[in-house]
Each structure stands twice: as C-alpha cells, then as structure tokens.
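Structural features, examined
The chain contents come next:
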Amino acid sequence: YAVSADTIKRFIDGLQRKGTEDGVTATAVGYRVVLFNDRMNTRKQVDYVLRDIATLDAGEAKTVMMSAHRTGRGVVKNFYADLKDSVLDTKGRAEALCTALQGADVLAEVEEISEETS
C-alpha cells in the first residue's frame, strides 16, 4: 500500500503523544542507518556501495539488500552509545555514514534507537 509522508508523520506523532500520556518515555540509546529499497539502483551498484562505504562484507551486504528488497528497508549498521562515545558522538557517526551513502545515490536515513522508561 502507498501511504503519504504526512499520514505517517501524523501517526508517529500520535504514538509519541500517547506514550507521553501513558507516563512512558523513550531515551535514545543509539542510532541506526537504514537502507530503503529503490528502483533506480542496480543490485550490483548497491552491493558495491555497502561494501565500499559501509565496509560490510559480501554476506552482510547481501542480507541488507535482500531485507530492503523484501520489506522496503534494511538496517545497514547500528551505532550504540558506550563508555567512550556519548549518544551525540554516536549520532554523528551514524549521520556521517548516512551522508556518505546518500552521496553515492543510495536511499538511506538515520533512525533513533530508543529504550522505553517509565
């Protein structure tokens, strides 16, 4: 099914408000870079970009591509905050990878990984 971006945004905003109303809040613990399926790039081109820019091995690149092909999206890499990296450092690394992928004409986005707290 095709759904407009405005419809998705309203849905997500509603979920976020509901979580706040229920007394549940989400804390960012990391960020993920997600590859989206597109009809413009060939499998060979996406494989090259994932291996060269995201430094995935052949098996990882194939798994991400097949996930994007089957479900519309595939997780390229997860970046978690730890003792040496803050959440902001982690976000910066995820955004840098996403920007590099986008620079290679691959449809990618950064998403927040949250942990619910009450």
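A short tour of the structure in this document, coming up. (Residues numbered from 1 in each chain as written. Predicted model: local features only at pLDDT ≥ 70, side-chain atom pairs only at ≥ 80, totals over all residues. Heavy atoms only, no water.)

**What to know about the side chain of Asn 41**
Along the polypeptide, Asn 41 turns up in the loop between strand E1 (25-36) and helix H2 (43-52). Not counting residues within four places of it along the chain, the set of residues in contact with Asn 41 comprises Val 46, Asp 105 and Val 106. (Helix = DSSP H or I, 4+ residues; strand = E, 2+ residues; numbered from the N terminus. Contact = heavy atoms within 4.5 Å.)

**Structural notes on helix H4 (residues 87-103)**
For H4, which comprises 17 residues, the first-to-last C-alpha distance of 24 Å matches the rise-based estimate of 24 Å (1.5 Å per residue) to within 8%. All of the buried residues along H4 are Thr 90, Ala 94, Leu 97, Cys 98 and Leu 101. Buried residues of H4 fall within an arc of 100° about the axis and therefore sit on the same side. In H4, the exposed positions that point more than 90 degrees away from the buried face belong to Leu 88, Thr 99 and Gly 103. (Expected span 1.5 Å × (residues − 1). Buried < 20%, exposed > 50% of the residue type's maximum accessible area, 1.4 Å probe, protein only. Arc of directions from axis to C-beta.)

**Here we look at H2**
Looking at H2, one finds that the buried residues are Val 46, Asp 47, Val 49 and Leu 50. Down the axis of H2, the sector holding all buried residues measures 165°, keeping them to one side. Turned more than 90 degrees off the buried face of H2, the exposed positions are Lys 44 and Tyr 48.

By themselves these figures say nothing about function.
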